[in-house]
Amino acid sequence: MKTIIEPFRIKVVEPLRMTTREQRERILREAAFNVFNIPARDVLIDLLTDSGTGAMSSLQWAGIMQGDESYAGAESFYRFQERLRELTGFEHILPTHQGRASERILFELVGGKGKVIPNNSHFDTTRANVEHSAAEAVDLPIPEARDPQAFHPFKGNMNVEALVELIERVGAECIPLCMVTVTDNTGGGQPVSLENLRAVRAVCDRYGIPLYLDACRFAENAYFIKLREPGQQGRAVRDIVRDMFDLADGATISAKKDGLVNIGGVLLIRDPALAQRADALLILTEGFVTYGGLAGRDLEAMAQGFEEVVHEDYLAYRIRSTEYLGEKLRTIGYQIVEPPGGHAIYVDAAHLAPHIPRHQFPGQALVCGLYRQGGIRACEIGSVFHGGRGATELVRLAIPRRVYTQSHIDYVVEASAALFECRHTLVGLRMTNDPPVLRHFTARFAEVR
Ligand code: F0G
C-alpha cells in the first residue's frame with residue numbers, strides 16, 4: 001500500500017470558519033501584520049505551532065473523567081509517573097505546566113552569571129530562560145545545518161568538535177550541563193542520531209559535564225532513528241526512546257508536543273541532590289510535587305498520550321504526512337529546509353522573495369501572504385524570531401498532531417501554489433515596535449509600500 005492513511009477515525013468535529021480575502025485583509029491590518037494577534041476564529045488552517053494544538057484520543061478523554069484531583073498523592077500522578085518511568089527509565093519525575101516551566105526551574109538551579117550552556121540549537125524559550133539566569137546560550141549545530149539545501153539524515157546533530165573546543169576555551173567548570181534538542185526545532189525539525197548522542201555523551205563524560213535532553217519531540221526523533229540510522233531498522237521505537245534517555249542525566253519535556261496533550265510538561269533529573277532542589281522550586285512556583293501546576297485530569301491525559309505517541313502506525317503517519325507537504329511545496333518551486341522535518345516544513349522566504357531585503361523581513365512578508373491567500377497561519381523563524389542572530393529567513397508550517405486530514409493539507413498546497421505565482425507582489429515590512437525579549441510574539445509591523 002502506498003497511501004499511509006490517518007490511523008484513526010473522527011468521532012468529534014469542530015467546525016472551521018471561512019473568511020473572504022477582503023475580511024482577511026482587514027484582519028491582517030488590525031493585527032499589525034503579526035499573526036499572533038489574529039483571533040483563532042479568523043484562521044482557517046492553523047499551522048502556527050504543533051504545540052498544545054493536537055487532538056486527544058478517546059482514551060485520553062476517558063482519562064480526563066478519571067482525573068483524581070487530590071492535592072497530594074493523586075492516583076493520576078502515580079499513573080503518570082509509572083508511564084514516564086517505563087518510557088524513560090528515570091526515577092524522579094516532576095510534572096510541570098509546560099516545557100518552559102521545566103526550563104525555568106532547571107536554569108534557575110544550574111544557570112547564572114559566568115555559566116555557559118551548549119546546545120545543538122536552543123529553542124527560543126530555552127535560550128530566553130538560560131539568558132534570564134544571566135548564563136550564556138551557545139548553539140553548536142553541525143555545518144550542514146546552516147545550509148537549508150544540504151541533505152543530511154541527522155541534520156540536528158551536535159557539532160562534537162565545536163563542543164570540545166568550547167569546553168577547552170571556557171573551562172568545564174563553567175558548563176553546568178550540555179543540552180541536546182531532539183528534534184532540533186529551530187534548525188528545521190531535524191533529528192539527532194544515537195551515534196551523535198553517544199559521541200556527545202563521551203565528551204561530557206571526559207569533562208564531567210551532565211548531558212540533558214530537550215526532549216519535546218523525542219518520539220519523532222526516535223522514529224527517524226529507526227528509519228535512517230544503520231542497524232536500527234528492526235528495533236521497536238520504544239527501545240530507541242529508552243536508549244536516548246539512558247544516555248541523559250536529565251531532560252526537559254514539553255508534553256504539548258510528543259505528550260499528545262494540550263497542556264503539560266515534565267522535568268527529569270537523575271542526580272538526587274539536584275532533584276531535591278528542583279522539588280523545592282516546583283513547590284514554590286508550580287505546585288506540589290504530585291501535580292506541578294496541572295490538574296489531575298491533565299496528568300491522566302499525559303499518561304495516555306506518552307503511551308500513544310510511541311505507537312508506530314501513528315509515527316509512520318505523522319512523519320509521512322509532514323514529508324508529503326514538503327514534497328508538494330518543493331514541486332511547486334518553494335525551497336524548503338531539506339530534508340523535511342518531523343513536525344513542520346520550513347520554507348526559505350529569502351529564496352522566494354529576493355526583492356525583499358532582510359531588514360524588511362521576507363519571512364514575515366510570506367507569513368502575511370499565506371494568511372491573505374488562504375487564511376493559513378504560519379510562523380516566521382527568521383530575522384524577527386532570531387532578533388538578527390540567525391542566518392536564514394524561514395517560515396515554519398507546523399502540523400498539529402492528529403488534527404488535519406490530507407485534504408486540509410492539499411488545500412494548503414493549492415493556496416501555496418497560487419501564492420507562488422504572485423510571489424513578486426509580496427511586500428516587505430517595517431517594525432513599528434520592537435519588544436526586548438521574544439519579540440516575535442508581540443512585535444507590530446507596517447507594510448513598506
Ligand atoms: N523546547 C523546544 C524544542 C520547543 O519546541 C518548545 C516549544 C519548548 C522547548 C518550550 O515548550 O511551549 O511547552 O513551554 N515550542 C513551541 C513551538 C512553542 O511552537 O515550537 P513550551
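Student: Could you clarify how one ought to interpret the overall build of the chain in this entry?
Tutor: For the chain, the count of helices and strands is 16 helices and 14 strands. Computed over its C-alpha atoms, the radius of gyration of the chain comes to 21 Å, within 12% of the 22 Å expected for a compact globule of 449 residues. Dimensions of the chain, computed from the C-alpha atoms along their principal axes, are close to 60 × 55 × 45 Å. Of all 449 residues assigned to the chain, the portion counted as buried reaches 59%. Across the chain, every contact between residues at least 6 apart in sequence was considered, and the portion connecting residues at least 24 apart equals 72%. In the structure as shown, the chain presents an accessible area of about 18200 Å², 53% of it carried by carbon and sulfur atoms. For the chain, the distance from the average position of its 50 positive side-chain charges to the average position of its 57 negative side-chain charges is 5 Å.

Student: Help me understand the nonpolar core in this model?
Tutor: Looking at soluble globular proteins, one finds that nonpolar side chains tend to be buried together. Counting 65 residues, the largest nonpolar core has Phe218 and Phe245 as the members making the most contacts within it. Here the element with the most residues in this core is helix α8 (residues 218-228); it accounts for six residues. Mapping this core onto the domain boundaries places at least three of its residues in each of domain 1 (21-50 + 311-447) and domain 2 (58-308). Once residues within four sequence positions are removed from consideration, Phe218 is found in contact with Leu87, Val182, Val241, Met244, Phe245, Asp258, Phe306, Val309 and Val310. Counting 48 residues, the second largest nonpolar core, distinct from the first, contains Tyr324, Leu370, Cys379 and Phe445.

Student: Can you help me understand the domain arrangement of the chain in this one?
Tutor: By domain assignment, the chain separates into domain 1 (21-50 + 311-447) and domain 2 (58-308). In this structure, domain 1 and domain 2 have C-alpha centres spaced 26 Å apart. Of the residues lining the interface, 32 residues belong to domain 1; the matching set on domain 2 comes to 38 residues. Summed over both sides, the interface of domain 1 with domain 2 buries roughly 2800 Å², with 56% coming from carbon and sulfur. With a closest N to O distance of 2.9 Å, Glu312 and Lys226 form a salt bridge. For the side of domain 1 that touches domain 2, the elements supplying multiple residues, two or more each, are α12 (312-332), β9 (344-348) and α15 (383-386). Tallied by class, the residues present in the side of domain 1 that touches domain 2 amount to 14 nonpolar, eight polar and ten charged.

Rules behind the numbers
- Residues numbered from 1 in each chain as written.
- Predicted model: local features only at pLDDT ≥ 70, side-chain atom pairs only at ≥ 80, totals over all residues.
- Heavy atoms only, no water.
- Helix = DSSP H or I, 4+ residues; strand = E, 2+ residues; numbered from the N terminus.
- Rg over C-alpha atoms; globule rule 2.2 N^0.38 Å.
- Buried < 20%, exposed > 50% of the residue type's maximum accessible area, 1.4 Å probe, protein only.
- Contact = heavy atoms within 4.5 Å.
- Areas by Shrake-Rupley, 256 points an atom, 1.4 Å probe, with all protein chains shown as cover.
- Lys, Arg positive; Asp, Glu negative; His and termini not counted.
- Charge placed at Lys NZ, Arg CZ, Asp CG, Glu CD.
- Core = buried A, V, L, I, M, F, W, Y, C linked by side-chain atoms within 4.5 Å.
- Domains from an automatic or database assignment.
- Buried area = accessible area lost by both parts, 1.4 Å probe.
- Salt bridge = Lys/Arg side-chain N within 4 Å of Asp/Glu carboxyl O.
- Nonpolar A, V, L, I, M, F, W, Y, C, P; charged D, E, K, R; others polar.

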